[in-house]
Structures are given as C-alpha cells and as structure tokens.
Amino acid sequence: MSSTHNAVTAGRPSGRSAVAVPELIEQARAGSPRAVARLITLVEEASPLLREVMAALMPYAGHARIVGLTGSPGVGKSTSTSALVTELRKQGQRVAVLAVDPSSPFSGGALLGDRVRMSLHATDPDVYIRSMASRGHLGGLSWATPQALRVLDAAGFDTILLETVGVGQSEVEVAGLADTTVVLLAPGMGDGIQAAKAGILEIGDLYVVNKADRDGAAQVSRDLRGMLSHSERAAEAWKRPILKTVAQDGTGVPEVVAAIGEHRTYLESTGELALRRTKRARVEVEEIALGELRRRWGAVSGSAELDVLAARVSTGDLDPYAAADELLEAP
C-alpha cells in the first residue's frame, strides 16, 4: 500500500522540510494521516524535536484503549488484527494499528512494510496502520513504541492495536505497554508447551484460540484452561476468558471485542488501569533516563580524563571505585 491512499497505512513521509511542531500536532488531531506519520517518524529517528513533540502531546493523551496482541509466529496475528479492526469500525471507533516487525539487517526497516494483509482497510479514513522495526530490541517491541503510542493516542484514536513481532519467549514485553493483552494460540503448533515456557500464562488478560475450525482447537482450550488454573494469577478477580475464533471469516471476533470491553470496565472499576499506566510511565521515564546516561557515557568513554584515571588505577595510586566516582563527578 502506498501513502497515496486516503487512509491509512502510512509509510514514512519523504523529505526533511522544516517542522513546525504545533502545526503538525494540530493537523494530526484534525485527522491528517500525513501529520501522524511525520510525528511517528520523528519518534523513530529520535529527532531533536522529540522533547518538544512529547511535551505538546501530553495534554491530549491518555484516552485511547491500547490492546496488545501477541503470540507465536503462525497463529494468525495479522489476520486477527484485521478482523478486530473490522469489528471495531462497525462500532464506530477510530482505530490505529501499530505493528512491530522484525528489523531488516540491511536497512533497519520493517520487513513486512505496510502490512499487505490489512489491505481491506486501506481506503478507510478512520483506520491508520503503521509498521515499525524492532531494530533488534528484545521483547518483541521497538524502543520507540511507547512514544509512538502516545502520538496515536493524542491524535484521537479510540483503540490502538499493538501487534508484536511474534518471537516466542522474548515477547512478554507487550504486557507493559497495553491496557489489555490478548494472547493468540492455534491448534497444531505446540502452544501448550510454549505457553508454559514463554511466561504468556502471566501476561494474558484474555486468550484466543484462533483457527478454531481445525482439529485440536478444543484440546488447546482445555490444556490452556488447566494451565491458567495453576498460574500465579489464578486468584485474581478477573477470570481470564478463553475464546475461539476463525479470524479468516470473522467467526468469534465480536465476542473477543466484547471481552476486551469487559476487561476495560474491570480495569477502570478496580483502579487497575491507573496502576498499569503509572507502571508504564515509570518504565518509559527510566528508559529515557538510561538512554541519556548511555549518551553521556559515550562521550566519557573516549575522554582523556578516563585515560588519566585508568593510569592511576594501574599504578596503584587510586582504587577503581574512587576512580569511577571521580569520573561520574566530572562535568
């Protein structure tokens, strides 16, 4: 799909013209997919304007429902995502999809580009689809994902579907960014064993056995129900449902959307939504702070001051802890 479509599986806008942040945000909030794409590109490129962008977006963020979709490769995540978009649009919601793909080792870009499997929604002005490269980041998500989610939230989307890479054990990070995490499984893929290993028993808020028209779907549901009953979260007030779908034709998808809505109601009524979002913000702040420390260390690690301190440690004139303290105190 190209950015010439009205809506929008937006790629990265061409050109690097001067950016007026207030105007860009105003356009994004008015529904301009090009402005949304430009803002996400600023995020991905760690633009010097990013601080200004995030500060300007904050008053408008915090309203969207963020739903994470995770699961092993081959369970039908993209097909399920597309089916969820269709159902949410029937309800009149504006929907954004942020699909985090494996990085190309050559370009660093997302291998699956603009998600050709979601072409059904390419001409819908109230659907925005964007691929982001994970760039080797463990956990199935890109480092830029939290801020890209904030852009989409502030742009006025009602629901944001966060679809992750699908790399098994390292994919549990999605739970930290989503209000509701949907774990997808499918028959014939050894998901029962993988569930126990990957820790997805703990991250899911609801479970979906896709491709339920295939042999073995009932067994996957039974195995999963048994494992959930013995998981650390079994005592929670929210009893995590197990649903069956055939995403290819939409069977069972309305029930999944209804369960997502029920979970949102539960989160709001118990105060868990605020707790989850505070935890999410804590992690984001920590990551930004650590990134700044790494940037500063990059300047320090090649400095003459470090060489002097290293020489003093090697001759026994200074112990390494004192040297480290002195280095950290250097301007």
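Bear in mind that the values here come from a model prediction, so they are computed numbers and not experimental data.

Asks: For this particular structure, what's the right way to read the overall build of the protein?
Replies: Secondary structure summary: the protein contains 12 helices and 8 strands in total. Here the protein holds 331 residues, and 47% of them are scored as buried. In the protein, the proportion of contacts linking residues at least 24 apart, taken out of those at least 6 apart, comes to 74%. For the protein, the exposed surface amounts to about 16000 Å²; the carbon and sulfur share of it is 56%.

Asks: Quick question: what am I supposed to make of helix H9 (residues 253–270) here?
Replies: An α-helix turns once every 3.6 residues. As a result, residues three or four positions apart point the same way. Taking 1.5 Å per residue as the helical rise, H9 with its 18 residues ought to reach 26 Å, and the 26 Å between its terminal C-alpha atoms agrees with that figure. Buried residues belonging to H9 abut strand S2 (65–71), helix H4 (77–90), strand S6 (180–185), strand S7 (206–209), strand S8 (242–244) and helix H10 (272–300). Following H9 by one or two positions, Gly271 adopts a phi angle in the positive range, close to 85 degrees.

Asks: Looking at this model, I keep getting lost on the nonpolar core. Mind explaining?
Replies: Soluble globular proteins tend to pack their nonpolar side chains together in the buried interior. Counting residues in hydrophobic clusters, the biggest one holds 47 residues, and the most contacted among them are Val36, Leu39, Tyr128, Val151, Leu152 and Ile160. Looking at this core element by element, the count peaks at 7 residues for helix H2 (residues 33–44). Not counting the four nearest positions on each side in its chain, Val36 is found in contact with Ala28, Tyr128, Val151, Leu152 and Ala155. Counting residues in each nonpolar core, the second largest holds 24 residues, with Ala83, Val127, Leu161 and Leu184 among its members.

Asks: Whenever I open this one, the packing of aromatic side chains confuses me. Can you help?
Replies: Pairs of aromatic rings are described using the distance from one ring centre to the other and the angle between the two planes. Throughout the structure, instances matching the rule amount to 2 aromatic pairs. Aromatic pair Tyr128 and Phe157: ring centres 6.2 Å apart, planes at 45 degrees, arrangement tilted. One end of the pair, Tyr128, is in strand S4 (residues 127–133); the other, Phe157, is in the loop between helix H5 (145–154) and strand S5 (159–163), and 29 residues separate them in sequence. By relative accessible area, Tyr128 is classed as buried at 2%. For the ring pair Trp238 and Tyr266, a centre distance of 5.5 Å and an interplane angle of 35 degrees mean the geometry is tilted. With Trp238 in the loop between helix H8 (217–229) and S8 and Tyr266 in helix H9, this residue pair connects regions lying 28 residues apart in the sequence. Owing to a relative accessible area of 11%, Trp238 belongs among the buried residues under this scheme.

Rules used throughout
- Sequence positions are assigned chain by chain, starting from 1 and proceeding in written order.
- Selection of residues for local features in this predicted model requires a pLDDT of at least 70, selection of side-chain atom pairs for listing and counting requires 80 or more, and totals for whole chains, interfaces and linings are taken over all residues.
- Hydrogens and waters are ignored; side-chain quantities use all the structure's heavy atoms.
- In DSSP terms, a helix is any run of H or I states spanning at least four residues, a strand is any run of E spanning at least two, and both are numbered starting from the N terminus.
- Buried residues are those whose accessible area, probed at 1.4 Å on protein chains only, stays under 20% of the maximum for their type, while exposed residues exceed 50% and partly exposed ones sit between those limits.
- Residues count as neighbours in contact if any of their non-hydrogen atoms are within 4.5 Å of one another.
- Surface accessibility in these figures is a Shrake-Rupley result with a 1.4 Å probe; residues are shielded only by whichever protein chains are displayed.
- Multiplying 1.5 Å by the residue count of a helix minus one yields the expected span of that helix.
- Here, the term nonpolar core denotes a set of buried Ala, Val, Leu, Ile, Met, Phe, Trp, Tyr and Cys residues that are joined through side-chain atoms within 4.5 Å.
- Pairing of aromatic rings covers Phe, Tyr and Trp, the last counted by its six-membered ring, and requires centre-to-centre distances within 6.5 Å; plane angles under 30 degrees mean stacked, over 60 mean edge-to-face, and any other angle means tilted.

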